[in-house]
Amino acid sequence: MRILLVEDDDRFADALTTALRRHGHQVERARSGGEALAAAPAELVLLDLGLPDVDGVDVLRQVRADSQIGIIVVTARGEEAQRVRGLRAGADDYIVKPFGIAELEARIEAVMRRVRSHRHATAGSARVGPVEVDQVRRSVRRDGVEVPLTRKEFDLLAALVRAEGAVVTREGLLAEVWQTTWGGATRSLEVHVASLRAKLSEPGLIETVRGIGYRVRKP
């Protein structure tokens, strides 16, 4: 996933960038509001409000006015009034420093699920190679021929397709499709991935990212 990190603290930004890249993300950094607004498009913005040139909330409002991408405020400002201000300005979530990378990853996944669900609900269907996933009819076709899937198989495939090639962690898939955080359900996830690969007759469509999770292969 392409992430724009807007943060002026070099030590914090370097540590967070390293952690995010270990989780399979592509990270671009902006040190100021001006750099953030001039940066290349990203899928998600991690935005510190304490920027050296402008109020981070003003940057938040401008980004939100131009785009419906995911925005998470990442800041030391933990007061309730500040959180409310950020959320009302258009942030999807708000996390206060210090925090753990596992919590941040969970929040990123939750925000991106909402963003992608809205996008695909509007679009109706999505195509990955020869496979077309219709979110409204809950149907899957390969080269125009319908592929019968179980409810969980469809939900699993839809979750991966919504990620648009980004890695989805095992924990994120278990939470979204199985509604559980129990690690023992990982075996069920692996079985369903194997079943999808067989039914779609496209073994390379769903790629395993060792130690992290899965993603769909972009054509």
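Residues numbered from 1 in each chain as written. Predicted model: local features only at pLDDT ≥ 70, side-chain atom pairs only at ≥ 80, totals over all residues. Heavy atoms only, no water.

A. Spatial organisation of the overall build of the chain. Summing up its helical and strand segments, the chain has eight helices and twelve strands in all. Rg of the C-alpha trace for the chain: 19 Å, near the compact-globule value of 17 Å for 219 residues, within the 12% margin. Its C-alpha atoms give the chain principal-axis dimensions of roughly 55 × 35 × 30 Å. Counting all 219 residues of the chain, 48% fall into the buried class. The contacts of the chain with a sequence gap of at least 6 include a subset with a gap of at least 24, amounting to 54%. For the chain, the exposed surface amounts to about 10900 Å²; the carbon and sulfur share of it is 50%. Charge centroids of the chain, computed over 34 positive and 32 negative side chains, lie 5 Å from each other. (Helix = DSSP H or I, 4+ residues; strand = E, 2+ residues; numbered from the N terminus. Rg over C-alpha atoms; globule rule 2.2 N^0.38 Å. Buried < 20%, exposed > 50% of the residue type's maximum accessible area, 1.4 Å probe, protein only. Contact = heavy atoms within 4.5 Å. Areas by Shrake-Rupley, 256 points an atom, 1.4 Å probe, with all protein chains shown as cover. Lys, Arg positive; Asp, Glu negative; His and termini not counted. Charge placed at Lys NZ, Arg CZ, Asp CG, Glu CD.)

B. Local environment of the domain arrangement of the chain. Examined at the domain level, the chain breaks down into domain 1 (2–118) and domain 2 (125–216). Tallying the contact residues gives nine residues for domain 1 and eight residues for domain 2. Approximately 730 Å² of surface area, both sides summed, lies buried where domain 1 meets domain 2, with 52% of it carried by carbon and sulfur atoms. The largest per-residue losses of area from domain 1 upon contact with domain 2 belong to E109, R113 and R116, which jointly make up 62% of the total buried on that side. Between domain 1 and domain 2 we count zero salt bridges in total. Between the two partners, domain 1 and domain 2, sit one residue pair in polar contact (both at pLDDT 80 or more). (Domains from an automatic or database assignment. Buried area = accessible area lost by both parts, 1.4 Å probe. Salt bridge = Lys/Arg side-chain N within 4 Å of Asp/Glu carboxyl O. Polar contact = N/O pair within 3.5 Å; in protein donor to acceptor, adjacent residues only side chain to side chain.)

C. Broad picture of the packing of aromatic side chains. Here the structure, examined in full by the defined rule, presents one aromatic pair. Above the ring of F12, the side-chain terminus of K97 is found at 4.3 Å from the ring centroid. (Phe/Tyr/Trp six-rings, centres within 6.5 Å; stacked < 30°, edge-to-face > 60°. Lys NZ or Arg CZ within 6 Å of the ring centre and 35° of its normal.)

D. Geometry of the sheet that holds strand β12 (residues 213–216). If you walk across this open sheet you meet the three strands as β10-β12-β11, and the pairing is antiparallel. Among the strands making up the open sheet, the edge pair consists of β10 (168–169) and β11 (206–209). Judged from the four bridges that link them, β11 and β12 form a sheet pairing that is antiparallel. Looking at β12, one finds that E207 is bridged to R215. Of the strands in this sheet, β10, β11 and β12 are in contact with helix α6 (residues 151–162), which crosses β12 at around 70 degrees. (Pairing = 2+ DSSP bridges. Axes fitted to C-alpha atoms, helices over the stretch in contact; angles between N-to-C directions.)

E. Local environment of the sheet that holds strand β7 (residues 131–134). The strand order across the open sheet built from four strands is β6-β7-β8-β9, with neighbouring strands paired in antiparallel fashion. Of all strands in the sheet, those with a lone pairing partner are β6 (125–128) and β9 (145–146), marking the two edges. Bridge count for β7 against strand β8 (residues 139–142) is four bridges, and the pairing is antiparallel. Each bridged residue has a counterpart across the sheet, and for D134 the counterpart in β8 is S139. Strands β6, β7 and β8 of the sheet are contacted by α6, whose axis makes an angle of about 105 degrees with β7.

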